[in-house]
Amino acid sequence: MSKKFIAGNWKLNPDTGEQAIELCWQLKIALAPFVKVKIAVCPPSIVLPMIAEFFKGTNVAVGAQDIYWEDAGAFTGEISGPMIKSAGCSHVIIGHSERRQYFGETNQTVHKKINAALRHNLLPIVCVGETLEQRESSVMKDIVREQIVEALSGMQDILLGNLVIAYEPVWAIGTGKTATPEQAQEMHRFIRELLTENFSESLSETTPILYGGSVKADNAAELFSQPDIDGALVGGASLKADSFAAIVKSGEELS
Ligand code: PGA
């Protein structure tokens, strides 16, 4: 897979629509030169329609940070596939570790959300990754296997060409502690193999596997040069146009 995919996860930022549009203007200018990479930003849901409209026809796709599995009904506070689609989005992050940690997301809810995304033609970016405790007790591969196998069970045909996985070790998210390129590569290779074993060779070959966890301008190139790292899901560094553009540039050079 040669074309790198760099997605920005804005999380709960920024405070106002004006600040969001200001960031979009800076991103539009900074990202304009990059034509070989795939780029997406995932802002909070309240500004999605405005931002998707802003980036329409550009090299920047727009995604949501979560989706509910039902299409409509009495589910206060949720946003649905039809809403995300009609807002102009093409992607959705599912199962981010913060949602698992603070909002009760499980492999079963991730499974239902992937189904909902696919029903509405939204590309799911499915996040997996172990905690520090799990890494220290050497169960990270079991955890990631369980996260992937349970989330994707029974779906292999529809997933072909319609899945992105983000490996994000929880201990590296927002901590400034990046996995070393070797640690990340080892887990990406493991994910690639487990897709082959549990699903199919073609799913394994065609699914981009992104790394996430304190990706910055100064570590992106080294990560992207690993054979099984197809791009990045970027949190903190995606909130400044210059740092996000520098990461995208590294992806462009290796695409
Ligand atoms: P970070 O976040 O880049 O701020 O570590 C990554 C993520 O949570 O997707």
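You'll find the structure just up there.
As a starting point, this report considers the structure included with it. (Residues numbered from 1 in each chain as written. Predicted model: local features only at pLDDT ≥ 70, side-chain atom pairs only at ≥ 80, totals over all residues. Heavy atoms only, no water.)

Describing the pattern of salt bridges
Under the convention used in this document: In what follows, salt bridge is the name for a side-chain nitrogen of Lys or Arg lying within 4 Å of a carboxyl oxygen of Asp or Glu. Only DSSP runs of H or I with at least four residues qualify as helices, and only runs of E with at least two residues qualify as strands; both kinds are numbered from the N terminus onward. The rule is simple: take the accessible area with a 1.4 Å probe, protein chains only, and divide by the maximum for that residue type; under 20% is buried, over 50% is exposed, in between is partly exposed.
Taken as a whole and judged by the stated rule, the model has 14 salt bridges. Close ionic contact of E98 with K11 constitutes a salt bridge, the shortest N to O distance being 2.8 Å. In this pair, E98 sits in helix α4 (residues 97-102) while K11 sits in the loop between β1 (5-9) and α1 (17-31), placing the two residues 87 residues apart along the sequence. The class for E98 is partly exposed, based on a relative accessible area of 22%. Of the charged contacts, one joins E253 and K249 as a salt bridge, the two residues approaching to 3.1 Å between their closest N and O atoms. Separated by four residues within a single helix, E253 and K249 lie in helix α12 (residues 241-253), roughly one turn from each other.

Thoughts on the sheet that holds strand β6 (residues 164-167)
As a reminder, the rule being used: Two strands are counted as paired when DSSP detects at least two bridges linking them. Here, axes are lines fitted to C-alpha atoms. For helices the fit covers the stretch in contact, and angles between N-to-C directions go from 0 to 180 degrees.
Taken in spatial order, the eight strands close into a barrel running β1-β2-β3-β4-β5-β6-β7-β8, and their pairing is parallel. For this sheet the average axis-to-axis angle between neighbouring strands, irrespective of direction, equals 25 degrees. As paired elements, β1 and strand β8 (residues 231-234) share four bridges and run parallel to each other. Looking at β8, one finds that I6 is bridged to A232.

Some words on the packing of aromatic side chains
Definition in use: What counts as a ring pair is set by centres within 6.5 Å for rings of Phe, Tyr and Trp (its six-membered ring), and what kind of pair is set by the plane angle: stacked under 30 degrees, edge-to-face over 60, tilted for all other angles. Remark: a charge is flagged as sitting over a ring if the NZ atom of Lys or the CZ atom of Arg is within 6 Å of the ring centre and within 35 degrees of the ring normal.
For the structure on display, the rule yields six aromatic pairs. With a centroid separation of 6.4 Å and an interplanar angle of 55 degrees, the aromatic rings of Y167 and Y211 are classed as tilted. Of this pair, Y167 sits in strand β6 while Y211 sits in strand β7 (residues 209-212); the two residues are 44 residues apart in sequence, bridging distant segments of the chain. An aromatic cluster is built from W25, F54 and F55, whose rings are joined through pairwise contacts. The side chain of K38 reaches across the aromatic face of F5, ending 5.0 Å from its centre. Cation over ring: R99 sits above F103, and NZ or CZ is 4.1 Å from the ring centre.

Some words on the environment of C89
Threshold: Note on contacts: a residue pair qualifies if any of its non-hydrogen atoms lie within 4.5 Å across the two residues.
Of note, C89 is situated in the loop between α3 (81-86) and β4 (91-94). Linking C89 and A64, residues 25 residues apart in sequence, is a C-alpha distance of 7.0 Å. Ignoring anything within four residues of it in the chain, the contact list for C89 reads L48, A52, V62, G63, A64, I84 and L122.

Describing the layout of surface pockets
Defined as follows: A cavity here means a set of 1 Å grid points, computed over protein atoms only, where a 1.4 Å probe fits but cannot escape. A pocket is an open set with protein on both sides within 12 Å along at least 5 of 7 lines, and lining residues have an atom within 4 Å of a point. Grid points are joined across faces, edges and corners, and a volume is the space filled by probe spheres set on the points. Classification used: nonpolar for Ala, Val, Leu, Ile, Met, Phe, Trp, Tyr, Cys and Pro, charged for Asp, Glu, Lys and Arg, polar for all others including Gly.
Quantified by volume, the largest pocket comes out at close to 660 Å³. Along the walls of the largest pocket sit 25 residues, with L12, Q65, D66, R99 and F103 positioned nearest its centre. It is α4 that contributes the most residues to the lining of the largest pocket, three residues altogether. Looking at the lining of the largest pocket residue by residue, the classes come out as 11 nonpolar, seven polar and seven charged. Considering only enclosed or pocket space, the second largest pocket measures out at about 200 Å³ in volume. Forming the boundary of the second largest pocket are S97, R100, Q101, N107, G129, E130, T131, Q134, I143, E146, Q147 and V170. Elements supplying a minimum of two residues to the lining of the second largest pocket: α4 and α7 (140-152).

Concerning the state of the cysteines
Quick reminder of the rule: Two cysteine sulfurs form a disulfide in these notes if their separation is within 2.5 Å.
Tallied over the full model, the rule gives zero disulfides. Free of any disulfide, C24 has its nearest neighbouring cysteine sulfur in C89, separated by 12 Å. Under the relative-accessibility criterion, C24 is labelled buried at 0%. Looking at C127, it has no disulfide partner, and the nearest cysteine sulfur is the one in C42, 9.1 Å off. A residue is classified by how much of its surface remains accessible, and C127, at 1% relative accessible area, is buried.

Scope: geometric values only; no functional claims are made or implied.
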